[in-house]
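So the chains spell out like this:
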Amino acid sequence: MRIVSWNVNGLRACAKKGFLDVLNRCGADVMCLQEVRAFPEQLPAEVLQPAGWYAVFHPAQRPGYSGVAIYSKMPPSRVETALGIEEYDAEGRYLMVHFGRLAIASVYFPKGSGKDRDNSRVPYKLGFCRAVFDRVEQLKKRGPVYVTGDYNTAHEDIDLARPKTNQKSSGFLPEEREEISRWLAAGWVDTFRRQHPGEAGHYTWWRQFGGAREKNVGWRIDYVLASQSAAGNVRDAFIWPDVLGSDHCPVGVDVDPPASALGN
């Protein structure tokens, strides 16, 4: 099974840049999207329900903002779209599909910067992170869990091109990085970093000016975190920097889920 995650930076725009080609040619069995920025009814029919795919969406209440989606080759046995906390659920940032005991989440973690780039949203971001953590900690007791998405945080110096100049920037603040550390300390596995320890230059997001992508001046802020039981099934973890269509690139894992995980 191949699980792919991609912040598409607006699905309608990405669809015009080849999203469906990527979806159908990348070998994914599950494709998790973030920053969809559209209500389902605003999407073209071929994007809303591509042939051969099941699709579920959780849009934000605010038009043109946030939103997550999951496409899968097989129908989910159950779908979750809420954490049960209105201030988080209203922003359309959390979506979980279940295939028996296997659970896969698409999560668009908030940025900590406010409208004035003043880091005023950091408390909201950390609260959201903890709410997701509490939910997936419950789920991992019943089966493998993969939490894919744009975490909007580079964990270590190796995860961004210019750590020294971003010490006070949201996405690399100590309290944001510590939240990732807390997940790892609880047994969650950064699948890509486990497979590529100490390797610099692997990024998933680049600013859209100054030739940042061409120069590979980026940040690794998109992850697939796996519970312990899920991590044991991972055969490969990857980043696809050459896939265009967004300011982020896809990330993912190839896994061998045990047959028992797909049972009821």
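Right above here is the structure, for reference.
It should be emphasised that the depicted structure is a prediction, and the values quoted were computed from it without experimental measurement. (Residues numbered from 1 in each chain as written. Predicted model: local features only at pLDDT ≥ 70, side-chain atom pairs only at ≥ 80, totals over all residues. Heavy atoms only, no water.)

Enquirer: Just give me the short version of the packing of helix 5 (residues 122-139) against helix 6 (residues 174-185), but keep the residues and values in it.
Expert: The N-to-C vectors of helix 5 and helix 6 enclose an angle of 5 degrees; their axes lie 10 Å apart at closest approach. Taken together, the axes of helix 5 and helix 6 lie roughly parallel to each other. Across the interface between the two elements, Val122, Lys125, Leu126, Cys129, Arg130, Val132, Phe133 and Val136 from helix 5 touch Glu175, Glu176, Glu179, Arg182 and Trp183 from helix 6. Its residues assigned to classes, the contact of helix 5 with helix 6 shows 7 nonpolar, no polar and 6 charged. (Axes fitted to C-alpha atoms, helices over the stretch in contact; angles between N-to-C directions. Helix = DSSP H or I, 4+ residues; strand = E, 2+ residues; numbered from the N terminus. Parallel < 35°, antiparallel > 145°, perpendicular 65-115°, else oblique. Contact = heavy atoms within 4.5 Å. Nonpolar A, V, L, I, M, F, W, Y, C, P; charged D, E, K, R; others polar.)

Enquirer: For the sheet that holds strand 1 (residues 2-7), give the residues involved together with the corresponding values.
Expert: Strands in a sheet are paired, the pairing made by backbone hydrogen bonds, and the direction either parallel or antiparallel. Strands sit in the order 3-4-2-1-14-13 across an open sheet of 6 strands; the sheet is mixed. With partners counted over all chains shown, the strands left at the sheet margins are strand 3 (54-58) and strand 13 (234-239), one partner each. Each neighbouring strand pair of the sheet contributes to a mean axis angle of 15 degrees, computed without reference to strand direction. Across 4 bridges, the pairing between strand 1 and strand 14 (residues 251-255) is antiparallel. (Pairing = 2+ DSSP bridges.)

Enquirer: Break down the sheet that holds strand 5 (residues 78-80) for me, with residues and values.
Expert: Spatially, 6 strands are ordered 5-6-7-8-12-9 in an open sheet, and the strand pairing comes out mixed. Both outer strands of the open sheet, strand 5 and strand 9 (189-190), are each paired with one neighbouring strand and no more. On top of the sheet, helix 5 reaches strand 5, strand 6 (94-99), strand 7 (102-108) and strand 8 (145-150); it is set at about 10 degrees to strand 6, its chief contact.

Enquirer: How would you sum up the environment of alanine 45? Please name residues and give values.
Expert: Inspection of the secondary structure assignment puts alanine 45 in helix 3 (residues 45-48). On the basis of relative accessibility, which here comes to 58%, the residue alanine 45 falls in the exposed class. Along the sequence, alanine 45 and asparagine 119 sit 74 residues apart, while their C-alpha atoms lie 38 Å from each other. (Buried < 20%, exposed > 50% of the residue type's maximum accessible area, 1.4 Å probe, protein only.)

Enquirer: An account of helix 5 is requested, with residue identities and associated values reported.
Expert: An ideal rise of 1.5 Å per residue puts 26 Å on 18 residues; helix 5 measures up with 26 Å between its terminal C-alpha atoms. Buried within helix 5 we find Val122, Tyr124, Lys125, Leu126, Gly127, Phe128, Cys129, Ala131, Val132, Phe133, Val136 and Leu139. Considering only its buried residues, helix 5 is in contact with strand 5, helix 4 (86-89), strand 6, strand 7, strand 8 and helix 6. (Expected span 1.5 Å × (residues − 1).)

Enquirer: Let's hear about the pairing of strand 8: which residues, and what values?
Expert: Counting buried positions along strand 8 gives 6 out of 6 residues, so the element sits mostly inside the fold. Of the two faces of strand 8, the one holding Val145, Val147 and Gly149 and the one holding Tyr146, Thr148 and Asp150 are both buried throughout. Read from strand 7 through helix 5 to strand 8, the crossover connection turns out right-handed. Bridging between strand 8 and strand 12 (residues 222-226) involves 5 bridges; their strand directions are antiparallel. Residue pairing for strand 12: aspartate 150 is matched across the bridge by aspartate 222. (Right-handed = clockwise from strand over helix to strand, strands pointing away.)

Enquirer: Go over the side chain of histidine 248, please, and point to the residues and values.
Expert: You can see histidine 248 is positioned in the loop between strand 13 and strand 14. Within the structure, histidine 248 has its side chain in polar contact with the side chain of aspartate 222 (distance 2.9 Å). Excluding residues within four positions of it along the chain, histidine 248 makes contact with Trp6, Asn7, Asp150, Thr204, Trp205, Trp206, Arg213, Ile221, Asp222 and Val243. (Polar contact = N/O pair within 3.5 Å; in protein donor to acceptor, adjacent residues only side chain to side chain.)

Enquirer: How would you explain unusual backbone geometry if you had to name every residue and give the values?
Expert: Positioned with a positive phi, asparagine 9 is a non-glycine residue whose angle comes to about 55 degrees. The topology assignment puts asparagine 9 in the loop between strand 1 and helix 1 (11-15). Unlike most non-glycine residues, asparagine 152 shows phi in positive territory, near 55 degrees. Inspection of the secondary structure assignment puts asparagine 152 in the loop between strand 8 and helix 6. Relative accessible area serves as the criterion here: at 10%, asparagine 152 is assigned to the buried category.

Enquirer: Let's hear about the packing of aromatic side chains: which residues, and what values?
Expert: In this description, an aromatic ring pair is defined by two values, namely the gap between the centres and the angle between the planes. On inspection of all chains with the given rule, the structure shows 14 aromatic pairs. When the centroid spacing of 5.6 Å and the interplanar angle of 85 degrees are considered together, the rings of phenylalanine 109 and phenylalanine 128 count as edge-to-face. Of the two residues, phenylalanine 109 is situated in the loop between strand 7 and helix 5 and phenylalanine 128 in helix 5; the sequence distance between them amounts to 19 residues. Phenylalanine 128 carries the same exposure label as phenylalanine 109, and that label is buried. Summarising the aromatic geometry, the rings of phenylalanine 133 and tryptophan 183 are spaced 5.3 Å apart at their centres and angled 65 degrees between planes, so their arrangement reads as edge-to-face. Here tryptophan 183 lies in helix 6 and phenylalanine 133 lies in helix 5, a separation of 50 residues in the sequence. Tryptophan 183 matches phenylalanine 133 in its accessibility class, with the two residues each being buried. Chaining the aromatic ring pairs together yields one cluster made of Tyr88, Phe109, Tyr124, Phe128, Phe133, Tyr151, Trp183, Trp188 and Tyr223. Above the plane of the ring of tyrosine 108 lies arginine 93, whose end atom (NZ or CZ) is 4.7 Å from the centre. The ring of phenylalanine 133 carries arginine 182 above its face, with NZ or CZ at 4.2 Å from the centroid. (Phe/Tyr/Trp six-rings, centres within 6.5 Å; stacked < 30°, edge-to-face > 60°. Lys NZ or Arg CZ within 6 Å of the ring centre and 35° of its normal.)

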